[in-house]
Amino acid sequence: MVTTWKWLWANKNYFIIFLVPLFFLPLPLVVPGTEASCGYVIIIMAVFWCTEALPLAVTALFPIVLFPMMDIMDSSTVCSQYLKDTNMLFVGGLLVAISVEKWNLHKRIALRVLLIVGVKPALLLLGFMTVTAFLSMWISNTATTAMMIPIAQAVLEQLYSSEEKLEEYSSESNSTGMLSFLGATKVVIDLKDGTLNQEKQALRLQKHLKLCKGISLCVCYSSSIGGIATLTGTVPNLVLKGQMDEMFPGNNNVINFVSWFGFAFPIVILLLALAWIWLQIMFLGINFRNNFGCGGNSEQKEKEKRAYKVISTEHKKLGSMSFAEICVLVLFVLLVILWFLRDPGFMPGWATISFNKQGKANVTDATVAVFISLMLFLFPSECPSCKSEDPEQTGKRRKVKTFVPPPLLDWKTVNQKMPWNIVFLLGGGFALAKGSEDSGLSIWIGEKLTPLESIPPAAIVLVLCLLVATFTECTSNVATTTIFLPILASMAKAIQRNPLYIMLPCTLSASFAFMLPVATPPNAIAFSYGQLKVVDMAKAGFMLNILGVLVITLAINSWGFYMYDLGTFPSWANFTGKP
């Protein structure tokens with residue numbers, strides 16, 4: 001019996017793939033109309049995405065086959081959804097991020113910040129959280145975590161080893177020494193036999209492990225928090241941008257880089273501050289004076305100096321900034337400036353000089369991202385005037401080879417690091433949104449949700465954010481937003497609320513996957529280092545989920561309410577874009 005269950009579990013994906021479509025097949029066969037057919041496709045894809053019975057990108061290709069066969073959309077219309085403006089914004093942003101990683105610019109930034117903040121417990125947490133959040137605004141959360149966790153582990157190992165050396169020194173000098181681990185743990189030296197008291201040694205190790213857990217969690221959590229600050233910081237943000245442009249093509253570019261940053265960046269600041277305080281309480285204790293290293297003795301200061309030396313040594317290994325690093329940094333800063341000044345809203349942007357016949361700006365954020373990406377392939381990685389020569393002697397003749405520097409970014413590196421599967425995943429979401437609109441499914445769902453109009457809007461947002469934050473713990477945040485956003489758009493239209501009032505906070509909530517290691521890759525990376533248990537992540541993440549939802553609810557009902565004029569039902573929300 002046990003063997004049978006093991007076999008069934010091992011082959012569960014095959015059962016899901018074949019049985020789920022058969023189970024829901026009566027829906028399009030019994031219920032007439034394209035609404036039921038589109039609902040059938042969405043249900044199958046949602047189950048496959050949640051269970052990951054197939055790779056997410058493979059499931060995203062289903063509309064190309066099923067929509068034309070079910071007379072929902074023709075093949076050309078479906079395929080055109082897979083390479084839209086939002087997809088190119090994603091590709092361009094990632095090309096810049098890949099170049100930053102290739103030349104180790106992100107590591108230099110990280111180490112420099114840690115040198116500034118120091119290694120006192122509370123400040124160490126703050127330093128790792130700040131630099132991780134900043135980097136995750138521009139490069140992927142996964143890459144940021146993968147880079148920061150080893151740095152954190154090196155610092156923690158040095159903290160622990162330096163304390164052991166100080167204890168050995170105290171033992172050899174036959175004096176009663178007291179060493180505090182970051183001002184929180186005291187270890188008593190046994191003068192009788194020159195060995196540490198086992199109970200106190202275990203306590204010191206326990207305190208060290210708690211600090212390790214706190215640092216690991218602060219890295220993975222701040223990478224998820226930081227990603228919501230920019231439009232390109234994490235994929236769900238781009239899903240919302242694409243869904244808005246697809247379902248409400250007349251929205252006047254209400255979601256752009258500047259408007260998103262203006263709304264989301266204060267949320268990131270608040271959440272980082274709350275997460276910093278909460279992680280201190282959980283893993284460092286409530287004695288904030290000790291957490292900041294106030295009143296430390298000479299041994300503690302010596303230990304902090306050694307830990308600081310680790311960071312300094314790693315920073316020195318990078319040497320001075322290379323020509324390639326400088327070029328990438330300049331292009332990166334230029335990208336951010338062009339994004340901010342393209343169409344800032346409070347003043348005319350540089351892109352407003354270019355209009356088409358419909359009065360719409362031709363240049364988008366994707367245009368800027370691809371332009372800077374092209375520059376990465378054109379700029380050399382070494383100064384052209386500094387030619388490198390390789391002399392070879394052949395008899396009496398001197399043969400000289402001229403070295404041609406490679407560009408800042410090459411296609412081989414792009415192919416290795418570019419997550420092409422996300423491009424298809426985004427396209428699949430846009431195809432579902434278009435199919436829901438054209439089939440009439442969105443209108444049908446909206447009519448069924450009309451009774452929600454009697455519930456206070458703030459309560460609707462709070463409940464939906466909690467639902468999305470819970471759902472995203474079990475499935476990818478991209479799949480979560482792809483499934484929920486078309487439904488939320490229909491709901492907003494049905495109750496005559498601005499679609500952004502519901503869609504925007506729920507999109508941000510999809511990035512709050514703090515409780516489980518499988519919820520998001522940053523969590524899995526932090527968990528893989530061994531100090532964490534699932535219960536540790538669940539306890540810390542549960543409170544952060546609650547805090548995150550409350551902060552988002554506050555934001556959308558305060559500064560977001562006025563930024564996006566959410567008190568009115570906009571005219572563009574009634575336009576579906578259907579022919």
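For every chain, the first residue of the written sequence is number 1, and numbering continues from 1 onward in sequence order. Totals for whole chains, interfaces and linings use all residues, but because this is a predicted model, local features are given only for residues with pLDDT of at least 70 and pairs of side-chain atoms are given and counted only at 80 or more. Where side-chain values are given, they derive from all heavy atoms of the structure, hydrogens and water being excluded.

K.L.:
Would you mind going over the overall build of the protein in detail, with residue names and values included?
P.N.:
Working definition: helices are DSSP H or I runs of at least four residues, strands are E runs of at least two. Numbering for both runs from the N terminus. The number of helices and strands found in the protein is 27 helices and 4 strands. Only heavy atoms enter the contact rule, under which two residues are in contact if any of them lie within 4.5 Å. Residue pairs at least 24 apart in sequence account for 76% of intrachain contacts in the protein once pairs closer than 6 positions are excluded. Counting only carbon and sulfur atoms, one obtains 66% of the accessible surface of the protein, whose full area is about 26300 Å². Every accessible area reported is derived by Shrake-Rupley at a probe size of 1.4 Å, with residue values counting cover from the shown protein chains alone.

K.L.:
Give a detailed account of the side chain of Arg108, specifying residues and quantitative values.
P.N.:
Turning to its location among the elements, Arg108 is positioned in helix α9 (residues 105-117). A 1.4 Å probe rolled over the protein chains alone gives each residue an accessible area, and that area as a share of the maximum for its type sets the label: buried under 20%, exposed over 50%, partly exposed in between. The buried category is assigned to Arg108, whose relative accessible area is 9%. A polar atom in the side chain of Arg108 sits 2.9 Å from the backbone oxygen of Gly319. Pairs of N or O atoms within 3.5 Å make up the polar contacts considered here, provided that, within protein, one atom can donate a hydrogen while the other can accept it, and that residues adjacent in sequence are counted only when both atoms are side-chain atoms. A polar contact of 2.8 Å, which involves the side chain of Arg108, links it to the side chain of Glu325.

K.L.:
Can you tell me about a nonpolar patch on the surface, naming the residues and giving the values?
P.N.:
Patches here: salt-bridge-free residues with over 30% relative accessible area, like charges joined within 9 Å, nonpolar side chains (Val, Leu, Ile, Met, Phe, Trp, Tyr) joined within 5 Å. For salt bridges, the criterion is a side-chain nitrogen of Lys or Arg within 4 Å of an Asp or Glu carboxyl oxygen. Taken together, Trp5, Trp7, Leu8, Tyr14, Phe15, Phe18, Leu19, Leu22, Leu25, Leu29, Val30 and Val31 make up a surface patch of nonpolar side chains, about 1300 Å² in accessible area. Counting residues per element, the ones that place at least two in the nonpolar patch are α1 (2-10), α2 (12-23) and α3 (26-30). Here the nonpolar patch gets 5 residues from one element, more than from any other, and that element is α2. If you trace the backbone, Val30 turns up in helix α3.

K.L.:
Report on the pattern of salt bridges, specifying residues and quantitative values.
P.N.:
Following the criterion strictly, the structure yields 6 salt bridges and no others. Here Lys102 makes a salt bridge to Asp410, at a shortest N to O gap of 2.8 Å. One end of the pair, Lys102, is in helix α8 (residues 85-102); the other, Asp410, is in the loop between β4 (397-402) and α19 (411-417), with 308 residues separating them in the sequence. Assessed through its relative accessible area of 25%, Asp410 is described here as partly exposed. Among the ionic pairs, Glu246 bridges to Lys434, the shortest N-O distance being 3.8 Å.

K.L.:
Tell me what's going on with the nonpolar core, and back it up with residues and numbers.
P.N.:
Core analysis: the biggest nonpolar cluster contains 153 residues, and Phe128 and Ile502 have the highest contact counts within it. Joining through side-chain atoms within 4.5 Å is the link that ties buried Ala, Val, Leu, Ile, Met, Phe, Trp, Tyr and Cys residues into a set, and such a set is a nonpolar core. By size, the runner-up hydrophobic cluster in this structure holds 7 residues, among which are Ile16, Ile44, Phe48 and Leu54.

K.L.:
Which residues make up the environment of Tyr564, and what values go with them?
P.N.:
Checked against the element boundaries, Tyr564 lands in the segment after α27 (559-563). Sequence spacing of Tyr564 and Phe263 is 301 residues, and the spatial spacing of their C-alpha atoms is 9.2 Å. Beyond its immediate stretch of four places on either side in the chain, Tyr564 contacts Val254, Ile255, Ser259, Trp260, Phe263, Asn498, Leu500 and Leu504. Within polar-contact distance, the side chain of Tyr564 engages the backbone oxygen of Ser259 at 2.9 Å.

K.L.:
For helix α18 (residues 365-378), give the residues involved together with the corresponding values.
P.N.:
By this rule, a helix spans an expected 1.5 Å times one less than how many residues it contains. Look at α18: 20 Å from first C-alpha to last across 14 residues, which is about the 20 Å you get at 1.5 Å a residue. Those residues of α18 that sit buried are Asp365, Ala366, Val368, Ala369, Ile372, Ser373, Met375 and Leu376. Tucked into the core, α18 has its buried residues touching α8, α14 (257-283) and α17 (323-342).

K.L.:
Tell me about unusual backbone geometry, and name the residues and values.
P.N.:
In the Ramachandran plot, Asp71 falls in the positive-phi region, its phi being about 60 degrees despite a non-glycine side chain. Here Asp71 lies in the loop between α6 (62-69) and α7 (75-79). At Gln496, a residue that is not glycine, the phi angle is positive and equals roughly 60 degrees. If you trace the backbone, Gln496 turns up in the loop between α23 (477-494) and α24 (499-509). Its relative accessible area of 43% is what places Gln496 among the partly exposed residues.

K.L.:
An account of the environment of Glu325 is requested, with residue identities and associated values reported.
P.N.:
Locating Glu325 in the fold gives a position in helix α17. Setting aside chain neighbours within four positions, we find Glu325 in contact with Trp103, Asn104, Leu105, Arg108 and Ser320.

K.L.:
Can you break down the packing of α14 against α24 residue by residue, with the values?
P.N.:
Only C-alpha atoms enter the line fits that serve as axes; for helices the fit covers just the stretch in contact. Angles between N-to-C directions range over 0 to 180 degrees. At a minimum axis separation of 13 Å, α14 and α24 run at an interaxial angle of 50 degrees. Taken together, the axis directions place α14 and α24 in an arrangement best described as oblique. Relative to α24, the crossing made by α14 is right-handed. Along its contact with α14, which presents Trp260, Phe263 and Ile267, the element α24 presents Leu504, Thr507 and Leu508. Of the residues in the contact of α14 with α24, the class split is 5 nonpolar, 1 polar and no charged. Should an angle lie under 35 degrees it is considered roughly parallel, over 145 roughly antiparallel, and from 65 to 115 roughly perpendicular; all remaining angles are considered oblique. Crossings are classed by handedness, with left-handed meaning an anticlockwise turn of the near helix from the far one by less than a right angle and right-handed meaning a clockwise turn. Side-chain classes follow a simple rule in which Ala, Val, Leu, Ile, Met, Phe, Trp, Tyr, Cys and Pro form the nonpolar group, Asp, Glu, Lys and Arg form the charged group, and the remainder, Gly included, forms the polar group.

K.L.:
Requested: an account of the packing of aromatic side chains, with residues and values cited.
P.N.:
Two aromatic rings, drawn from Phe, Tyr or Trp (for Trp, its six-membered ring), form a pair once their centres lie within 6.5 Å of each other, and the interplanar angle then sorts them: stacked below 30 degrees, edge-to-face above 60, tilted otherwise. Applying the stated criterion across every chain, the model contains 16 aromatic pairs. Ring geometry for Phe263 versus Trp559: centroids 6.5 Å apart, planes at 50 degrees, classification tilted. You can see Phe263 sitting in helix α14 and its partner Trp559 sitting in helix α27, a full 296 residues away along the chain. On the basis of relative accessible area, Trp559 is assigned to the partly exposed category, the value being 24%. Here Phe512 and Phe514 contribute two aromatic rings whose centre-to-centre distance is 5.5 Å and whose plane-to-plane angle is 25 degrees, an arrangement assigned as stacked. Three or more aromatic residues joined by ring pairs make a cluster, and in this case those are Phe134, Trp138, Phe257 and Phe332. A ring is scored as having a charge over it whenever the NZ atom of a lysine or the CZ atom of an arginine sits within 6 Å of its centre and within 35 degrees of its normal. Just above the ring of Trp9 sits the side chain of Lys12; from NZ or CZ to the centre is 4.4 Å. Between the NZ or CZ atom of Arg497 and the centre of the ring of Tyr501, over which it lies, the distance is 4.9 Å.

K.L.:
Mind laying out the environment of Asn253, listing which residues take part and the relevant values?
P.N.:
When you line up the elements, Asn253 lands in the loop between α13 (235-247) and α14. Along the sequence, Asn253 and Thr364 sit 111 residues apart, while their C-alpha atoms lie 9.2 Å from each other. Not counting chain neighbours up to four residues away, the residues in contact with Asn253 comprise Lys241 and Arg342.

K.L.:
Talk me through the confidence of the model for the protein; I want residue IDs and the actual numbers.
P.N.:
Low pLDDT marks stretches whose predicted atomic positions should not be read closely. Scored from 0 to 100, pLDDT reflects the predictor's confidence in each residue. Taken residue by residue, the protein gives an average pLDDT of 78. The fraction at 70 or more is 78%. The secondary-structure element of the protein with the lowest mean pLDDT is strand β1 (residues 178-180), recorded at 40, while α6 shows the highest, at 92. This model gives residues 169-194 a pLDDT under 50, and the stretch forms 61 contacts once residues within four places in sequence are excluded.

K.L.:
Outline helix α4 (residues 34-51), listing residues and values.
P.N.:
Here α4 contains 18 residues, and its C-alpha end-to-end distance of 26 Å stays within 8% of the 26 Å for a straight helix at 1.5 Å per residue. By the burial criterion, the buried members of α4 are Ala36, Ser37, Cys38, Gly39, Tyr40, Val41, Ile42, Ile44, Met45, Ala46, Phe48 and Trp49. Downstream of α4 by a residue or two, Glu52 has a phi angle that is positive, lying close to 55 degrees.

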